[in-house]
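A structural walkthrough
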Amino acid sequence: MKATLAPPSSLISLPRHKVSSLRSPSLLLQSQRPSSALMTTTASRGSVAVTAAATSSAEALREGIAEFYNETSGLWEEIWGDHMHHGFYDPDSSVQLSDSGHREAQIRMIEESLRFAGVTEEEKKIKRVVDVGCGIGGSSRYIASKFGAECIGITLSPVQAKRANDLATAQSLSHKVSFQVADALDQPFEDGIFDLVWSMESGEHMPDKAKFVKELVRVTAPGGRIIIVTWCHRNLSQGEESLQPWEQNLLDRICKTFYLPAWCSTSDYVELLQSLSLQDIKCADWSENVAPFWPAVIRTALTWKGLVSLLRSGMKSIKGALTMPLMIEGYKKGVIKFGIITCQKPL
Amino acid sequence: MRLIVHNMLTCNIKGVINKFPLRIEAEKVIKKEVDFNPDFLRHMLAKIEWKALVDGARSMGYTELPDHAPALESDEPFLRKFHHALLELNLEEGSLVCQESGRKFPVEKRVPNMLLHEDEV
């Protein structure tokens, strides 16, 4: 098995007392406002309440994310292509892959995610898909081609949305896929219209995980599936209220550069979905399957082409590049996990 | 923005009941040819909110659509009109207006911006 599947019994054994701590206040942003618009956060369980300051810093976060991707998307696409997510690799693969090997791994990530969710067997039922945090539309175009489905992507970045549309046109997919600027926390769609709700590495940006999950569930059609692939922190042990200070410190440093407001664990997502009565909830830790990714990204950044492009792109890109070793550290020390969580909405 | 997308977009401002459809104020409309696929169109016919499509097309300068979608198996001339309205009219610049609140969502370079302000959430 390439992926570590959590068997269903492990979901049942999650401590029940944790569910109540995930009602809306718990996973909200608790922020201090430094002089810049960035946020340093501590996401701990229990007593966090949204303050007036937090609300307006939510808008600052949105702008920060949009600007970050406005600035860095072109650079990423130039070097890595149109998939802005981790590749999926066999664990312990020591072979150093070529660029095309990594691109294939990124495609494999999409395929493995669809397979894990049980979507591959139900292809014909997938008519309408939403890609939440769509980047420049790599997943949308791939899924639309694969299933012949209509796919709508949303992103905070106007630069990304435009680029995504242009790529769709270039690939003769513009009748099937389209992209808008919209907020994943307030999706401009009616309830229950999507057969597949796809969130590939966008959950990290959401300041309010409970609201994020509620919106995903709201727009999912009865019988539809939700796939969340996201960076998480490790599950807390029984009795642990929050991460260790050094762990939190590591995540905070990453948060600043990548505009990540809050980290939660895979278990947190599972419990949120349970509380919303989703069924067939599955999760897995794919950290071993993404291990080659960040070293590969750093290697490409250190090529001549990479360095020149970085310098041209601007400070956000440079800071982003300098933060990448922290991601590797986080994975190595077991603080950061790469998680997949999938489920189905009851009929 | 094409009408296939417009047919799904709603105004989610807190308190607004009449969220759909959004009225189109067109400033620049372009026509982009798209391959004709009758099966896809027949499938879409079942999902489309027809009045919103007709009104949207009119706002973009296309008035050929009938007021009601045909009840029986649709013929090619009709499908061609449906295809043109749904997929080939593209709002390059303009606004989507919430009928209840009057809030305008801009469309720039074919991309609608549906972000809400903090007091609208």
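The shown structure was predicted, so the numbers you read here are calculated from the model rather than taken from an experiment.

**Regarding the overall build of chain A**
For chain A, the helix and strand inventory stands at 12 helices and 10 strands. Burial status across chain A gives 60% buried among its 347 residues. Excluding contacts between residues fewer than 6 apart, the proportion of contacts in chain A whose partners are at least 24 apart in sequence is 79%. When the accessible area of chain A is evaluated, it comes to approximately 13,800 Å², of which 57% is carbon and sulfur surface.

**What about the packing of aromatic side chains?**
By the definition in use, this model includes 18 aromatic pairs over all chains. Between the aromatic rings of Phe116(A) and Trp286(A), the centroid separation amounts to 5.8 Å while the plane-to-plane angle is 75 degrees, which identifies the pairing as edge-to-face. Of this pair, Phe116(A) sits in helix α4 (residues 99–116) while Trp286(A) sits in the loop between β9 (279–285) and α10 (293–301), placing them 170 residues apart in sequence. Residue classification places Trp286(A) among the buried residues on the basis of a relative accessible area of 1%. Plain terms: the ring middles of Trp50(B) and Phe82(B) are 5.6 Å apart, the flat faces sit at 40 degrees to each other, and that makes the pair tilted. Separated by 32 residues along the polypeptide, Trp50(B) in helix α3 (residues 50–59) and Phe82(B) in helix α4 (residues 76–88) bring together distant segments of the chain. Taking relative accessible area as the criterion, Trp50(B) reaches 10% and is therefore assigned buried. Each residue in the set Phe68(A), Tyr69(A), Trp76(A), Trp80(A), Trp231(A), Phe258(A), Tyr259(A), Trp263(A), Phe293(A) and Trp294(A) is aromatic and connected to the rest through ring pairs, giving one cluster. For the cation-ring pair, Lys282(A) lies above Phe116(A), with the distance from its terminal atom to the ring centre recorded as 5.7 Å. Cation over ring: Arg80(B) sits above Phe36(B), and NZ or CZ is 3.8 Å from the ring centre.

**Re the UniProt feature "domain: Methyltransferase type" (unreviewed entry) in chain A**
Residues annotated by UniProt as "domain: Methyltransferase type" (unreviewed entry) correspond here to residues 130–228 of chain A. In residues 130–228 of chain A, the share of helix is 34% and the share of strand is 30%. The end C-alpha atoms are 12 Å apart.

**Here we look at the interface of chain A and chain B**
How big an interface is tends to be expressed through the accessible area that disappears when the partners come together. Chain A puts 34 residues into the contact, and the matching count from chain B is 26 residues. When the area that chain A buries against chain B is broken down by residue, the three leading residues are His175(A), Val181(A) and Pro188(A), summing to 21%. A salt bridge links Arg110(B) to Asp166(A), with the nearest nitrogen and oxygen atoms 3.8 Å apart. Of all the secondary structure elements, the ones that give two or more residues to the side of chain A that touches chain B are α3 (52–80), β5 (150–155), α6 (158–170), β6 (177–181), β7 (194–200) and α7 (209–219) of chain A. Among the residues forming the side of chain A that touches chain B, the class breakdown is 11 nonpolar, nine polar and 14 charged.

**Comments concerning the environment of Val197(A)**
Residue and element names in this part refer to chain A. Its location among the elements puts Val 197 in strand β7. The class for Val 197 is buried, based on a relative accessible area of 0%. Sequence separation of Val 197 and Ala 182 is 15 residues, and the distance between their C-alpha atoms is 15 Å. Every residue in contact with Val 197, bar those within four places of it in the chain, is listed here: Val 130, Val 132, Leu 216, Val 219, Thr 220, Arg 225, Ile 226 and Ile 227.

**Comments concerning α6(A)**
All names here are of chain A. Taking 1.5 Å per residue as the helical rise, α6 with its 13 residues ought to reach 18 Å, and the 18 Å between its terminal C-alpha atoms agrees with that figure. Every buried residue of α6 is listed here: Gln 160, Ala 161, Ala 164, Asn 165, Leu 167 and Ala 168. In an axial view of α6, the angular spread of the buried residues amounts to 160 degrees, which keeps them on one side of the axis. Following α6 by one or two positions, Ser 172 has its phi on the positive side, about 55 degrees.

**Comments concerning the side chain of Glu112(A)**
All names here are of chain A. Structurally, Glu 112 can be placed in helix α4. For Glu 112, a relative accessible area of 11% puts it in the buried group. Within the local environment of Glu 112, its side chain forms a polar contact with the side chain of Arg 115, the two groups lying 3.2 Å apart. If we ignore the near neighbours within four places in the chain, the residues touching Glu 112 are Phe 88 and Trp 286.

**Notes on the packing of α4(A) against helix α5 (residues 138–147) of chain A**
Residue and element names in this part refer to chain A. One way to put it is that α4 packs onto α5 with a least axis distance of 11 Å and a crossing angle of 60 degrees. Relative to α5, the element α4 lies oblique. Pair α4 / α5 crosses with right-handed handedness. Together, Ile 107, Ile 110, Glu 111 and Leu 114 of α4 and Ser 139, Tyr 142, Ile 143, Lys 146 and Phe 147 of α5 make up the contact between the two elements. Of the residues that constitute the contact of α4 with α5, the class distribution is six nonpolar, one polar and two charged.

**Focus: the pattern of salt bridges**
Opposite charge on two side chains permits them to pair, given that their charged atoms come into close proximity. For the coordinates displayed, the defined rule picks out 26 salt bridges over all chains. Among the salt bridges present, the one from Asp82(A) reaches Arg141(A), with a minimum N-O distance of 2.9 Å. Of this pair, Asp82(A) sits in the loop between α3 and α4 while Arg141(A) sits in helix α5; the two residues are 59 residues apart in sequence, bridging distant segments of the chain. Of the residues examined, Arg141(A) reaches a relative accessible area of 2% and is grouped as buried. Glu92(B) is paired through a salt bridge with Arg110(B); the nearest N and O atoms lie 3.5 Å apart. Of this pair, Glu92(B) sits in strand β2 (residues 89–97) while Arg110(B) sits in the loop between β3 (104–108) and β4 (111–112), and the two are 18 residues apart along the sequence. As far as burial versus exposure is concerned, Glu92(B) and Arg110(B) are alike and both buried.

Definitions and cut-offs
Residues numbered from 1 in each chain as written. Chains lettered and ligands numbered in written order. Predicted model: local features only at pLDDT ≥ 70, side-chain atom pairs only at ≥ 80, totals over all residues. Heavy atoms only, no water. Helix = DSSP H or I, 4+ residues; strand = E, 2+ residues; numbered from the N terminus. Buried < 20%, exposed > 50% of the residue type's maximum accessible area, 1.4 Å probe, protein only. Contact = heavy atoms within 4.5 Å. Areas by Shrake-Rupley, 256 points an atom, 1.4 Å probe, with all protein chains shown as cover. Phe/Tyr/Trp six-rings, centres within 6.5 Å; stacked < 30°, edge-to-face > 60°. Lys NZ or Arg CZ within 6 Å of the ring centre and 35° of its normal. UniProt positions renumbered as here; feature names shortened; annotations may be inferred. Buried area = accessible area lost by both parts, 1.4 Å probe. Salt bridge = Lys/Arg side-chain N within 4 Å of Asp/Glu carboxyl O. Nonpolar A, V, L, I, M, F, W, Y, C, P; charged D, E, K, R; others polar. Expected span 1.5 Å × (residues − 1). Arc of directions from axis to C-beta. Polar contact = N/O pair within 3.5 Å; in protein donor to acceptor, adjacent residues only side chain to side chain. Axes fitted to C-alpha atoms, helices over the stretch in contact; angles between N-to-C directions. Parallel < 35°, antiparallel > 145°, perpendicular 65-115°, else oblique. Left-handed = near helix turned anticlockwise from the far one by under 90°.

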